[in-house]
Amino acid sequence: MCRFGYVRRCAATLNPILGAVASRQKHTLPDLPYDYGALEPHICAEIMQLHHSKHHATYVNNLNVTEEKYQEALAKGDVTAQVSLQPALKFNGGGHINHAIFWTNLSPNGGGEPQGKLLEAIKRDFGSFQKMKDKISAATVAVQGSGWGWLGFDKDSGRLRIAACANQDPLQGTTGLIPLLGIDVWEHAYYLQYKNVRPDYVKAIWNVVNWENVSERLQAAKK
Amino acid sequence: GHINHTIFWTNLSPNGGGEPQGELSEAIKRDFGSFQKMKEKMSAATVAVQGSGWGWLGFDKDSGRLRIAACGNQDPLQGTTGLVPLLGIDVWEHAYYLQYKNVRPDY
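Every residue gets a number counted from 1 within its own chain, in the order that chain's sequence is written. Working convention: letters from A go to chains and numbers from 1 go to ligands, in the order in which they are written. The model is predicted, so local features are restricted to residues of pLDDT at least 70 and side-chain atom pairs to those at 80 or more, both for listing and for counting; the totals for chains, interfaces and linings are taken over all residues. Hydrogens and waters are ignored; side-chain quantities use all the structure's heavy atoms.

## Some words on the environment of B:Ser34
All names here are of chain B.
Here is step 1: Tracing the backbone through its elements, the reader meets serine 34 in the loop between helix 2 (22-32) and helix 3 (35-47).
Here is step 2: Categorising residues by exposure relies on relative accessible area from a 1.4 Å probe, with only protein chains included: less than 20% of the type maximum marks a residue as buried, more than 50% marks it as exposed, and the intermediate range marks it as partly exposed. Accessibility expressed as a relative area gives 22% for serine 34, which makes it partly exposed.
Here is step 3: Sequence separation of serine 34 and tyrosine 100 is 66 residues, and the distance between their C-alpha atoms is 28 Å.
Here is step 4: Between two residues, a contact is recorded if the distance between any of their heavy atoms is within 4.5 Å. Contacts of serine 34, omitting those with residues within four sequence positions, involve Ile28 and Lys29. Strands are runs of DSSP state E lasting at least 2 residues, helices are runs of H or I lasting at least 4, and numbering of each runs from the N terminus.

## Concerning the nonpolar core
Here is step 1: Joining through side-chain atoms within 4.5 Å is the link that ties buried Ala, Val, Leu, Ile, Met, Phe, Trp, Tyr and Cys residues into a set, and such a set is a nonpolar core. Counting 58 residues, the largest nonpolar core has A:Leu160, A:Tyr201 and A:Trp211 as the members making the most contacts within it.
Here is step 2: Sort the elements by how many residues they give to this core and helix 4 (residues 116-126) of chain A lands first, with five residues.
Here is step 3: Not counting residues within four places of it along the chain, the set of residues in contact with A:Tyr201 comprises A:Ile43, A:Phe102, A:Ile183, A:Asp184, A:Val185, A:Ala189, A:Tyr190 and A:Tyr194.
Here is step 4: Grouped together as the second largest cluster of nonpolar side chains are nine residues, B:Ile7, B:Phe8, B:Trp54 and B:Trp92 included.

## Comments concerning the sheet that holds strand 3 (residues 178-184) of chain A
Residue and element names in this part refer to chain A.
Here is step 1: Strands pair, by our definition, only if DSSP identifies at least two bridges between them. Reading across the sheet, the three strands line up as 2-1-3 and stay open at both edges, with antiparallel pairing between neighbours. Every interior strand has two partners, whereas the edge strands, strand 2 (159-166) and strand 3, have only one. Recorded for the sheet is a direction-independent mean angle of 25° between the axes of neighbouring strands.
Here is step 2: Direction of pairing for strand 1 (residues 147-154) relative to strand 2: antiparallel, over a ladder of eight bridges. In the strand pairing of strand 2, glycine 147 is matched with alanine 166.
Here is step 3: Set on the sheet, helix 9 (residues 211-222) makes contact with strand 1, strand 2 and strand 3; between it and strand 3 the angle comes to about 150°. Axis definition: a line fit to C-alpha positions, over the contact stretch in the case of helices; interaxial angles, taken between N-to-C directions, run 0 to 180 degrees.

## Comments concerning the interface of chain A and chain B
Here is step 1: Between chain A and chain B, the residue contacts involve 17 residues of the former and 11 residues of the latter.
Here is step 2: Carbon and sulfur atoms supply 57% of the area that chain A and chain B bury against each other, a total of about 1400 Å² over both sides.
Here is step 3: Buried area: the sum, over both parts, of the accessible surface (1.4 Å probe) that disappears when the two are put together. Per-residue buried area on chain A facing chain B is highest for A:Glu187, A:Tyr191 and A:Leu192; these three make up 34% of the total on that side.
Here is step 4: The term salt bridge refers to a side-chain nitrogen of Lys or Arg lying within 4 Å of a carboxyl oxygen of Asp or Glu. Our count for the contact surface shared by chain A and chain B stands at one salt bridge.
Here is step 5: A salt bridge links B:Lys101 to A:Glu46; its shortest N-O distance comes to 3.8 Å.
Here is step 6: Of all the secondary structure elements, the ones that give two or more residues to the side of chain A that touches chain B are helix 2 (45-76), helix 3 (79-105) and helix 7 (191-194) of chain A.
Here is step 7: In terms of residue count, helix 2 of chain A provides more of the side of chain A that touches chain B than any other element does, four residues in total.
Here is step 8: Of the residues belonging to the side of chain A that touches chain B, the class tally is seven nonpolar, six polar and four charged. Gly is put with the polar residues, along with every residue not named as nonpolar or charged; the nonpolar set is Ala, Val, Leu, Ile, Met, Phe, Trp, Tyr, Cys and Pro, and the charged set is Asp, Glu, Lys and Arg.

## Comments concerning the UniProt feature "domain: Manganese/iron superoxide dismutase N-terminal" (unreviewed entry) in chain A
Here is step 1: UniProt positions are given in the numbering used here, feature names are shortened, and annotations may be inferred rather than shown by experiment. Here, UniProt's "domain: Manganese/iron superoxide dismutase N-terminal" (unreviewed entry) annotation points to residues 26-107 of chain A.
Here is step 2: Along residues 26-107 of chain A one finds 72% helix and 0% strand; the C-alpha atoms at either end are 27 Å apart.

## Focus on the sheet that holds strand 1 (residues 53-60) of chain B
Residues and elements named next belong to chain B.
Here is step 1: Pairing is antiparallel in the open sheet, where three strands are placed in the order 2-1-3. On the outer flanks of this sheet lie strand 2 (65-72) and strand 3 (84-90), each paired with one strand and no other. For this sheet, the mean inter-axis angle between neighbouring strands, taken without regard to orientation, is 25°.
Here is step 2: Taken together, the six bridges between strand 1 and strand 3 define a ladder with antiparallel strand orientation. Within strand 3, the position partnered with phenylalanine 59 by the bridge is valine 84.
Here is step 3: Here helix 1 (residues 2-11) sits on the sheet and contacts strand 1 and strand 3; the angle it forms with strand 3, its principal contact strand, is near 85°.
Here is step 4: Of the strands in this sheet, strand 1 and strand 2 touch helix 2, which is tilted by about 80° from strand 2.

See the structure below:
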């Protein structure tokens with residue numbers, strides 16, 4: 001009788017967990033906030049279409065597949081399988097995070113200069129807006145292979161920092177910095193238009209940077 | 001980058017394709033079971049490279065065996081793994097993007 005009661009209690013606590021597992025929400029591809037051609041002539045429509053509907057979409061799909069496998073491995077207590085899935089989680093999870101940020105960092109109404117508290121922080125931490133642009137551009141162009149340049153916020157010091165990450169390594173997950181503005185320098189981000197001339201792409205992207213979005217991210221990061 | 005590309009241009013030919021012959025073919029059969037199996041294994045490893053890199057068919061002098069490997073970025077096979085490079089497949093996006101776009105497996 002006691003054992004029967006025990007089993008029933010276990011089942012009662014287990015069902016909500018199984019229910020939660022079964023109804024885990026999948027990641028979805030966010031809509032682009034503007035048309036594929038909206039950033040021309042700085043980033044062409046063909047790049048934006050492939051970048052969003054193919055590259056980002058693939059990260060989302062593969063993230064969902066990997067998370068499902070990871071959940072199974074956790075449920076079975078299979079640590080070997082968990083570890084073997086971690087590179088795919090980092091790659092596809094990072095890819096999804098990075099691109100979701102990137103689309104909001106850009107705008108057809110972008111360019112110009114940052115304002116208000118963001119501008120103050122940039123002047124304080126880099127000397128001037130131009131110096132910050134030069135520094136992040138240099139770090140971004142210098143990425144070896146595929147990767148991203150980032151303007152990030154360091155919560156510990158309350159300062160803005162420039163960083164570069166390889167592949168799809170997500171800034172916050174790998175460095176702790178909170179991402180404000182990212183520049184994708186995987187070749188798929190610019191090759192169709194700029195070919196091998198990465199510096200021209202990095203120079204052009206300033207015309208479409210959405211400083212309002214970067215400011216919002218800084219505000220949120222300070223909380 | 002210099003080492004890898006210098007090998008790559010010689011690995012390709014307008015008269016290329018078909019199947020390997022002679023001792024190379026024997027070694028492939030011995031170490032992978034068949035030419036088809038070697039092609040599939042190497043193709044899978046090459047397509048799976050995360051980011052920029054290369055797939056390689058290499059020779060392990062210690063064991064005398066052929067091995068498949070992948071390297072990130074421009075890491076040269078011999079300098080980083082000791083394997084002697086025989087055939088490399090460049091999967092940096094610049095190697096295929098203008099023609100194959102995101103579809104690396106087709107390239």
